Amino acid sequence: MLSIGDLGNGAAAVAPLGLLDRVSSLADAAWMDGPGDGSGAAARRARNKLRIGNFVTFQGAPGLWGPACCNASLLAAAEINKRGGILGREIELVMYDAGGPIEQVTDSVARAVEDEDIDIVMGSHISAVRVALRNSIRSRVPYIYTPVYEGGERSPAVMTIGETPRWTSRPAIDWLAQVKKAQRWYLIGSDYVWPWLSHRAVKNYIADAGGQVVGEEFVPLGEDNHERHLERIRAARPDVVLISLIGTDSVTFNRAFAECGLAGRVLRLAGAMDETILLGIGAEATENLFCASGYFSCEDTPENDEFRAAYARAFGPTAPPVGSVGQSNYEGLRFLEAVAHKAQTLARGPLLAAAKNIVYRGARGPVMLRDGRARMRIHLAQADGLDFRLIRGF
């Protein structure tokens, strides 16, 4: 059974048409509800349930990923519950909107943790929200952060499973330098922690590959007028523009990049780029656009074939496309299932210890965590219309 909570209370009220009918056939997939009201929520709910608060962005620049993130987490919960849950506890999902004012988001998680209304936090949102949630949770419950990020998270209660620049940007930069003879790089990113720290690492990778950075700028979140940015890029004459813009900001920039005639002359290497963003950009604006990621929907492997088929059965042919960000929500719950099985408990300390060194399997195939750092096979792909064409793996 699914009941949709109220966005005004912090829980996500987003459901594609027909979602409830399709998910209801998934054998008691998950339960979505609003956060506790502070009056003994933990005592009212069944203790044989495992309540996971999933903080997904449904508004702002990253909001276009929200529906796919919601779908993917529902699918994972349904599959796990059909197998008997996690250590016999059925998953209940509480969907929170992580795209509102940051103080509202942190208030939601603090209240839910304090009231013992959620057992575990999971998140697919920008790194600025991760830092705020981490500080608000204060290690009281485990926190699984699923998407690509800048690396370097050291909080003992935060478990990260996403790709970092060392494993994505570094080999992609080397390939573009060797194969495309790219030497001059221009960096443009959203003005927050992921692009800041990613660019710091990227500059070293560019120098190691014999290149030089000819320009860099950071753009406020929500910016959709890119004329002055494109003027500076044109004047700098780069071989490649490395794009660390998020969500709809990446969509509007890449459209404008093509409209002003740069796409045919300048290569683009984009981070946080997936099929959802590609669909927003449009086929006519994706020439010479490259991306490196641990997941592409087009990859033909047994794990991904199974995931794509299950997603289509659950949500139908018109469901939001599920790329790396959306799919990371599926992997977040698969990761939790594997860690709990290894620890044989959901107690915070042993669970976090087990997560430091583990191999689990999701839609990306095997993912290995060593000392809390995730490693998986990385693919370099080139946009081909509204899809990606895999070029090589690393």
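See the structure shown above.
Everything quoted here is computed from the prediction, not taken from an experiment.

Novice: I would appreciate a short explanation of the environment of A110 in the present structure.
Specialist: You can see A110 is positioned in helix α4 (residues 102–114). A sequence separation of 26 residues divides A110 from S136, and the C-alpha atoms of the two residues are 5.8 Å apart. Those residues in contact with A110 that sit more than four places away from it in its chain are S136 and R140.

Novice: What am I meant to see in the sheet that holds strand β11 (residues 358–362) here?
Specialist: Each strand in a sheet pairs with another by means of backbone hydrogen bonds, the pair being arranged parallel or else antiparallel. The sheet built from three strands is open, its strands ordered β11-β12-β13 with antiparallel pairing. Sheet topology places β11 and β13 (373–375) at the edges, where each strand pairs with a single neighbour. Ignoring which end each strand starts from, the neighbouring axes of this sheet average 25° apart. Of the strand pairs in this sheet, strand β12 (residues 365–370) and β13 are connected by three bridges, and their pairing is antiparallel. Each residue of the ladder has a partner; that of L369, found in β13, is A374.

Novice: Quick question: what am I supposed to make of the sheet that holds strand β15 (residues 387–393) here?
Specialist: Sheet architecture is open: seven strands sit in the order β7-β6-β8-β9-β10-β14-β15, paired in mixed fashion. Two strands lie at the open edges of the sheet, namely β7 (212–219) and β15, each paired on one side alone. Between one strand axis and the next, the sheet turns through 25° on average, direction left out of account. Taken together, the seven bridges between strand β6 (residues 184–190) and β7 define a ladder with parallel strand orientation.

Novice: Even after reading the chapter, I still don't get the pairing of strand β2 (residues 90–97), so can you show me in this structure?
Specialist: Within a regular strand, side chains alternate between the sheet's two faces. Counting buried positions over the eight residues of β2 gives seven, a clear majority of the element. Taken together, the eight bridges between strand β1 (residues 49–56) and β2 define a ladder with parallel strand orientation. In the strand pairing of β2, N54 is matched with M95. Taking the sense of rotation as the criterion, the β-α-β connection linking β1, helix α3 (residues 66–82) and β2 turns out right-handed.

Novice: How should the nonpolar core be read in this particular structure?
Specialist: Looking at soluble globular proteins, one finds that nonpolar side chains tend to be buried together. If you look at the biggest cluster of nonpolar residues, it comprises 124 residues, and the most contacted ones within it are W185 and F335. When residues in this core are grouped by element, the largest group, nine residues, is from α3. What W185 contacts, discounting residues up to four positions off in sequence, is I173, L176, I206, Q212, V213, V214, G215, P238, V240, L242 and L269.

Reading guide: rules and limits
- Residues numbered from 1 in each chain as written.
- Predicted model: local features only at pLDDT ≥ 70, side-chain atom pairs only at ≥ 80, totals over all residues.
- Heavy atoms only, no water.
- Helix = DSSP H or I, 4+ residues; strand = E, 2+ residues; numbered from the N terminus.
- Contact = heavy atoms within 4.5 Å.
- Pairing = 2+ DSSP bridges.
- Axes fitted to C-alpha atoms, helices over the stretch in contact; angles between N-to-C directions.
- Buried < 20%, exposed > 50% of the residue type's maximum accessible area, 1.4 Å probe, protein only.
- Right-handed = clockwise from strand over helix to strand, strands pointing away.
- Core = buried A, V, L, I, M, F, W, Y, C linked by side-chain atoms within 4.5 Å.

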